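# Examining the three-dimensional arrangement
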Amino acid sequence: MTYFLITFAAFGLVFFAMAIGYIIQRKTIAGSCGGLGSVGIEKACDCDDPCESRQKKLAKAEAKRQMLEENRII
């Protein structure tokens, strides 16, 4: 029973701290829930020509997608 009370108190303190943070900042709690894709935005930046590191990431993702498509069992 002691462990239960200690755990309950710890969770209560966390919830209290979160409530104080909400009251002070007046910000709503936001989650990812699909991210930018759910509102029709394909990428986070609006630049026409992405930087080299972004191009490498996109090329790597495309290569992985093609590899998975080629090696699909079903």
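The name given to the protein chain in an unreviewed UniProt entry is Na(+)-translocating NADH-quinone reductase subunit E, with the source organism recorded as Oceanisphaera avium.

It is worth spelling out a nonpolar patch on the surface at this point. On the surface, F16, I20, Y22, I23 and I24 cluster together into a nonpolar patch covering about 540 Å² of accessible area. Following the sequence through the fold, F16 ends up in helix α1 (residues 2-25).

Here we take up the pattern of salt bridges. Applying the stated criterion across every chain, the model contains two salt bridges. In this structure, the salt-bridge partner of E62 is R65, at a minimum N-O distance of 2.6 Å. With a gap of three residues between them, E62 and R65 both fall in helix α2 (residues 52-70), about one helical turn apart. Residue class for E62 comes out partly exposed when judged on its relative accessible area of 34%. Between R72 and E69 there is a salt bridge; the shortest N-O distance is 2.4 Å.

What counts, and where the lines are drawn
- Residues numbered from 1 in each chain as written.
- Predicted model: local features only at pLDDT ≥ 70, side-chain atom pairs only at ≥ 80, totals over all residues.
- Heavy atoms only, no water.
- Patch = residues over 30% accessible without salt bridge, like charges linked within 9 Å, V, L, I, M, F, W, Y side chains within 5 Å.
- Areas by Shrake-Rupley, 256 points an atom, 1.4 Å probe, with all protein chains shown as cover.
- Salt bridge = Lys/Arg side-chain N within 4 Å of Asp/Glu carboxyl O.
- Helix = DSSP H or I, 4+ residues; strand = E, 2+ residues; numbered from the N terminus.
- Buried < 20%, exposed > 50% of the residue type's maximum accessible area, 1.4 Å probe, protein only.

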